[in-house]
Every structure is written in structure tokens, then in C-alpha cells.
There are 2 protein chains.
Amino acid sequence: MATRTRRTQRRTEALSRERIVEAAVELLDAAGEGGLTFRALTERLATGPGAIYWHVANKDELLDAATDAVVATALAAERAGSAGSAGPAGPAEPTEPAEPTEPAERTEPAEPSNSPQDKIRAVAFGLFDAMEDHPWLPTQLALQLSRSPWGSVTPQIFESIGRQVRALGVPEGHWFTATSALVHYILGAAGQNAANSATARTLVPDVDRAEFLDAASKAWKELDPDDYPFTRAVAAQMRDHDDREQFLAGIDLVLTGITALHLPGERGRTTSSAT
Amino acid sequence: MATRTRRTQRRTEALSRERIVEAAVELLDAAGEGGLTFRALTERLATGPGAIYWHVANKDELLDAATDAVVATALAAERAGSAGSAGPAGPAEPTEPAEPTEPAERTEPAEPSNSPQDKIRAVAFGLFDAMEDHPWLPTQLALQLSRSPWGSVTPQIFESIGRQVRALGVPEGHWFTATSALVHYILGAAGQNAANSATARTLVPDVDRAEFLDAASKAWKELDPDDYPFTRAVAAQMRDHDDREQFLAGIDLVLTGITALHLPGERGRTTSSAT
DNA sequence: ACCTGAACACCGTTCAAGT
DNA sequence: ACCTGAACACCGTTCAAGT
């Protein structure tokens, strides 16, 4: 009732950069890009703005730190999953069968084999999931990239993917190209997917994701037939696609390109595909 | 002299949505994301904010319109270059022997052949150049994608690439996957490159791009050897890479994956590579 | 129908002052 | 060294009023 929202929690731990970043992530998760405000932060942390500025230079730095933290967690979680080279790594990750339209016997690499390809897929899905959990992540990633292209986040992702590119046997001269291609595809596709999910949740909360894609598909079908013949033709495919399956197919496509172009001897072996 | 900046130009043409978007692009080009302000716009167009709001719902819509306009121009410019459809698709695609590691006799497809591959490269470089000319474009693209994933810009790019994927002979069932992979790579890689250029220009105006990459490369070499062995190893490659050559190599990599995976009969023919 | 411009609510950031 | 909180400059947006 009081117009003055009372401080939600007495400050138990001293203010610290870490605590501030943590609160920032919570605010972003709860209310999106617009939810992170120095005033909201101030209230949640039970301080004044000056206290925050003591630990953090400005809002951009805070956003970068939040982005860094979330990406680091995603990559660390993945690394743990494939950690012990020995570990049987548990049964088959029965998270959920997904069950999209029909096929997709397995959407993801069910058994975490230790091949470089599977590790790349694991890293990719780690980022994929992080973007679904934190819908603000793709945008912030793009913003940070434009602020400092080779800043703190890029090396993290680059390293995770690059190690596996090296393990694949790609000759050193092509490491940069191959890794860049993978990273660009992964960030782009995962981001697009996260945007879909977020829009489905936000714009039409009562409607599920399938219905959202259905609406988008219908919009595509109503495009000008002269200007957009291809997009119209592919509208149904867009509606019916399963995200994770599609994402995985794209990764395999890039992996196939890498092996075909840079591992002339082993075309057949590397990528799974239909087989 | 007067503290009040006099209206820079008497309004010659009536205010229109088109004129507003044009001014918005000019402001973005001149001063970046922060340069577009309703106050700046108001002054440049010699009006009040209310007039602008008569033609445009809000700032997001204006940014979307500016993004749309720039992308449309980029794609139209490319389309003009490769007009004819009659082409018998040429002999055996002697586009270029690739030969990555050192030479780069010519960075881009010099002669605009009519093969689908070359048209894809042309579209890609059209977007690449647009992002270099308009450093705010990658970020706005990402923002628009997160606002309305299948909005107005996506179909434009999707259509341009997708038509060529179809012309490539990719079976219909794979159109969506193949086109998505190409689009994600192109947007991601072009955006990263644009960020590099923009940072080189902005942060260190007196220093050229090569020196900027040199600095970034040095930063990579100083990363923790235990945590970042790959990134450190690839730092020199990052420093020495030629942007357009690299960009093209990535496109060819994805194209190779598409042909290898989806055109089983014609592995040799499509993408140039070493042959 | 189209435009004006004062006013409002909100935001990032600063800084003199406290402990 | 770390925190407080009032104050400042600026921004997107609204709206009663004009033509």
C-alpha cells in the first residue's frame, strides 16, 4: 500500500561486484532488457546508485559482466557434462523426448560420445539452452560484440569450439576460418531460435510456440508471390520444423563442409547425417 | 553564434514517413546508435516531436524502418549486378581455386558469373558492405530479430539466399535448413567484421585497422595458457587474416557442406575448393 | 489531416557528504 | 574504502491546441 516500496531484503552480505552482477542477471531474466535499471537494482540491493557505481563503471560494463557470467556458466556446464573422458556419463539424458512433429528419433546426441563432433554439438546446445533461459542474451551478445569485438566473451566461445576443431584434425592454417564459421552459425541460429521462443512467450502468452510459428508461417504465405516465391514455398517447412533438430542439422552441415574442405582423406567418416 | 541552433534547412518537402526514415539513417550513420534522438531528428527536420509521431508509432518502429531500408538497398544493389536469368550456368564453375593460406590474388568474385554460388556470394558481400557503411546495422538487425523474429527484414534476406539454394538443386526438404545456415553465417560473420571496422575507427581513430587487429591479437596471446591454448595459438592467424577473403572462405565452407550433404551426386562440381 | 511545443515520467550518472 | 541520496542532464512520449 505504501507508495514507497520498502526494501525487499535487508542487506545480508556486503555489496560486491559479484552480487551486483547476480542481481542484474535476475532482473534481466525477470523483465527483459528494459527491466534492468539502476533504480530497480538500487531497490533490489537496498542501496543507492552511488554504491553501485563504486563497483561498476557504468551500465554497459554491467551488461557485459552479466553476459560474460551467463556464457561462462553455459560453457562450464557443458564442459562438466563431457568432463571425465572416462565417464559413461549416465544413461541417456532423459530430459524430454521433445517429440516434435513426428520423426526426430533423437533430437540431440543422446549418448555423449567423446568425438570432437559431439563435443562441438554439446557446446552449441549449451549456448542454445542458455539463450532460451536468458532471452536477453542474444541481443546483449550482439551489443557487446559491437562494443568490443574481441572482448571477453569471444575468446570463451572461440576456445571451446576451437579446441574441437583442432581435435578434428583440421590443419592449423584453417583453424581460424573453420572455428569462425562454426561460431557464427551457432550464435546466429541459437539467437534466432531464442528470439522465436521469447516472442512466443511475450507477445502471445496464452498461445504456445507452435501456434506462434503457425502465425508466422501464415504471414509468409501472404507475401507477394512475385517478390517472395521462395519464402512462400518454404513457409510450411518453417512452421513444422523442430528447433533443436534444425539447429543440429545446421551444425552438421557446417561440420561436413569443414571435413570435406579441410580433411580430404576422411569425407565419409566424420559427420553422422543420415548414414 | 546564437545558442539556439537555427533550423538547418527550411522544410522544402512536406514531412513524410520516408523523409523521416531517411533522416534517421543519416543520423545513425553520422553518430551511431546514440546519435538518433527525437530531439536531433526534430531539429534536422525542422519540426516538433508530435509531427514525427504522426508518421511513426515510436522509436523502435523507426529503427526497424531504417534497418529495413538499408537492407533493401543492399539487396537491390546486388540484384542489379546479376540481373540475367538465361545463363546456362557456365562450364564447370572455375570461380576460384580458393588457395587459402597465402595469396588472395583477388578477394571477391571478379566476374559476376551467373552460378547460384556466385549469386550467393554477391548477396553476402552486399550485406557485408552495407554493414561496413552502416556500423549500427548489425546491432539493429539483432534487435529487430529479437523484437519480431520473422519480421520484415528476415524474408528479404531469406528470399535472396533461398532462391539460389533452390537453383543449386538442393531438394525441397532441405531448403529451410540450408538457407538458414547460410543466412546465419553471413549475418554473423559480416556483423563481426563490421564490429571490427567500427571499433578500429572509433576507439583508435588515429590507428588503422591492421594495428587494431594487431592489438587484439596481442591481447589474445596474453590469455592464460591453461585456459586458452587454442585461442592463443590462433592469435597470429587472427591478426593476419584478410576480412573479405576470410568471409568468402566461410561461405564456401557452408556451400561445400550443403552440396556434400544435399547434392550427393555432384560433390566435385559445385564448390570450387582445391578440386 | 497534419503539425506545434510545452509538459511528464523516467533514466543513467555525478558528487558533496557521510561513516 | 565504501556507501548515501539529492540533483542534473537527457530522453521517449503524450496531448491539448492550433491550422
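Criteria and thresholds
Residues numbered from 1 in each chain as written. Chains lettered and ligands numbered in written order. Predicted model: local features only at pLDDT ≥ 70, side-chain atom pairs only at ≥ 80, totals over all residues. Heavy atoms only, no water. Least-squares fit on C-alpha atoms with pLDDT ≥ 70 in both. Contact = heavy atoms within 4.5 Å. Core = buried A, V, L, I, M, F, W, Y, C linked by side-chain atoms within 4.5 Å. Buried < 20%, exposed > 50% of the residue type's maximum accessible area, 1.4 Å probe, protein only. Near = heavy atom within 4 Å. Polar contact = N/O pair within 3.5 Å; in protein donor to acceptor, adjacent residues only side chain to side chain. Helix = DSSP H or I, 4+ residues; strand = E, 2+ residues; numbered from the N terminus. Nonpolar A, V, L, I, M, F, W, Y, C, P; charged D, E, K, R; others polar. Salt bridge = Lys/Arg side-chain N within 4 Å of Asp/Glu carboxyl O.

- By the naming in an unreviewed UniProt entry, chain A is TetR/AcrR family transcriptional regulator, taken from Streptomyces rhizosphaericus.

1. Concerning the relation of the copies chain B and chain A
Okay, so step 1: Superposing chain B onto chain A takes a rotation of 180 degrees combined with a translation of 0.0 Å along the rotation axis, leaving an RMSD of 0.1 Å. With respect to symmetry, the two chain copies, as superposed, fit the operation of a two-fold axis. Considering only C-alpha atoms, the part of chain B nearest the rotation axis is B:Gly257, at 1.9 Å.
Okay, so step 2: With an isologous cut-off of 70% or more, the 98% of interface residues of chain B that recur at the interface of chain A puts this contact in the isologous class.

2. Some points on the nonpolar core
Okay, so step 1: Residues A:Leu41, A:Phe247, B:Leu41, B:Ile157, B:Ile161 and B:Phe247 are the most contacted members of the largest nonpolar core, which totals 140 residues.
Okay, so step 2: Discounting chain neighbours no more than four positions away, the residues touching B:Leu41 are B:Ile20, B:Ala23, B:Ala24, B:Leu27, B:Leu36, B:Ile52 and B:Leu62.

3. Quick word on the protein's contact with DNA strand D
Okay, so step 1: In the vicinity of DNA strand D lie 19 residues, with A:Thr47, A:His55, B:Arg39, B:Tyr53 and B:Lys59 positioned nearest.
Okay, so step 2: Counting only the atoms of DNA strand D within 4 Å of the protein, the fraction contributed by sugar and phosphate is 53%.
Okay, so step 3: A:Gly50 places a polar main-chain atom, nitrogen or oxygen, 3.1 Å from a base oxygen of DNA strand D.
Okay, so step 4: Elements that contribute at least two residues to the surface near DNA strand D include exactly helix H3 (49-55) of chain A together with helix H2 (38-45) and helix H3 (49-55) of chain B.
Okay, so step 5: The element contributing the most residues to the surface near DNA strand D is H3(A), with 5 residues.
Okay, so step 6: Residues that form the surface near DNA strand D fall into these classes: 8 nonpolar, 7 polar and 4 charged.

4. Considerations on the pattern of salt bridges
All names here are of chain A.
Okay, so step 1: In the structure shown here, the tally under the stated rule is 24 salt bridges over all chains.
Okay, so step 2: For Lys218, the salt bridge identified is with Asp214, shortest N-O distance 3.0 Å. Of this pair, Lys218 and Asp214 both sit in helix H9 (residues 209-221), separated by 4 residues, roughly a single helical turn.
Okay, so step 3: Take Lys218: its relative accessible area is 49%, and that puts it in the partly exposed class.

5. With respect to unusual backbone geometry
All names here are of chain A.
Okay, so step 1: Of note in this structure, Ala46 is not a glycine but carries a positive phi near 55 degrees.
Okay, so step 2: With respect to the helices and strands, Ala46 occurs in the loop between helix H2 (38-45) and H3.
Okay, so step 3: On the accessibility criterion, Ala46 (8% relative accessible area) is buried.

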